[in-house]
Amino acid sequence: MGGIIASFGLLWFAFYPVYAKWNYKRHFKKHVDENYKNRINKPVEIDFDANSVNAKDFASESKINATELKELIETQNHFFLKLTTDLSLIIPKNSIENKVKFKNRVTELGAEYVDELN
């Protein structure tokens, strides 16, 4: 009886992490698809003023003060413009013409640059 319980425990420890990863990924994908279905793959225009960032999409306009910019995180395919409220604007790199100029402009506004290319 103890051997059966021990083997069940070993199988549980071997396969539960794979199952949990799959289940969490499925859960959060479903959540995003349900709650943000009207915002996914919609174009957003981002402009920089002297002291603010302006974001304009199909339904609204937002003005973010430069003092609210916390970090500019660069990954292989995206920039994450993190705000002090821990919200982030996700900007695909392929939508930016001059990446160096973009990084310089955002860091001039007070955001700290974080390199996460690896």
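This write-up is about the structure you can find in this document. This is a predicted model, so every value here is computed, not measured. (Residues numbered from 1 in each chain as written. Predicted model: local features only at pLDDT ≥ 70, side-chain atom pairs only at ≥ 80, totals over all residues. Heavy atoms only, no water.)

## Observations regarding the overall build of the chain
Link 1 in the chain: When helices and strands are tallied, the chain shows two helices and seven strands.
Link 2 in the chain: Along its sequence from the N terminus, the chain presents helices and strands in the succession α-β-β-β-β-β-β-α-β.
Link 3 in the chain: The buried share of the chain, taken over its 118 residues, is 20%.
Link 4 in the chain: Counting contacts in the chain only where the partners sit at least 6 residues apart, residues at least 24 apart contribute 34% of the total.
Link 5 in the chain: Carbon and sulfur atoms form 55% of the exposed surface of the chain, whose accessible area is close to 9,400 Å².
Link 6 in the chain: Averaging the positions of the 17 positive and the 16 negative side-chain charges in the chain gives two centres separated by 8 Å. (Helix = DSSP H or I, 4+ residues; strand = E, 2+ residues; numbered from the N terminus. Buried < 20%, exposed > 50% of the residue type's maximum accessible area, 1.4 Å probe, protein only. Contact = heavy atoms within 4.5 Å. Areas by Shrake-Rupley, 256 points an atom, 1.4 Å probe, with all protein chains shown as cover. Lys, Arg positive; Asp, Glu negative; His and termini not counted. Charge placed at Lys NZ, Arg CZ, Asp CG, Glu CD.)

## Overview of the pattern of salt bridges
Link 1 in the chain: Counted according to the given criterion, the structure contains six salt bridges.
Link 2 in the chain: Here Lys-29 makes a salt bridge to Asp-33, at a shortest N to O gap of 3.2 Å. Taken as a pair, Lys-29 and Asp-33 lie in helix H1 (residues 2-35) at a separation of four residues, close to a single helical turn.
Link 3 in the chain: With a closest N to O distance of 3.4 Å, Asp-86 and Lys-70 form a salt bridge. Pair noted here: Asp-86 is in the loop between strand S5 (78-83) and strand S6 (88-92) and Lys-70 is in strand S4 (residues 69-74), with a separation of 16 residues, a long-range link.
Link 4 in the chain: When its relative accessible area of 49% is taken as the criterion, Asp-86 is described as partly exposed.
Link 5 in the chain: Through salt bridges that share partners, Lys-70, Lys-82 and Asp-86 make up one connected network. (Salt bridge = Lys/Arg side-chain N within 4 Å of Asp/Glu carboxyl O.)

## Here's the deal with the packing of aromatic side chains
Link 1 in the chain: According to the stated counting rule, one finds six aromatic pairs in the structure shown.
Link 2 in the chain: Where Tyr-19 meets Trp-22, the ring centres are 6.1 Å apart and the plane angle is 40°; that geometry is what we call tilted. Here Tyr-19 and its partner Trp-22 are both found in helix H1, three residues apart, which amounts to about one turn of the helix.
Link 3 in the chain: Overall, Tyr-19 belongs to the partly exposed group, its relative accessible area being 43%.
Link 4 in the chain: By the ring-pair criterion, three or more aromatic residues cluster together here, those being Trp-12, Tyr-16, Tyr-19 and Trp-22.
Link 5 in the chain: Stacked on the ring of Phe-58, the Lys or Arg Lys-42 has its end atom at 6.0 Å from the ring centre. (Phe/Tyr/Trp six-rings, centres within 6.5 Å; stacked < 30°, edge-to-face > 60°. Lys NZ or Arg CZ within 6 Å of the ring centre and 35° of its normal.)

Everything listed here is a matter of coordinates, which is why it stays silent on function.
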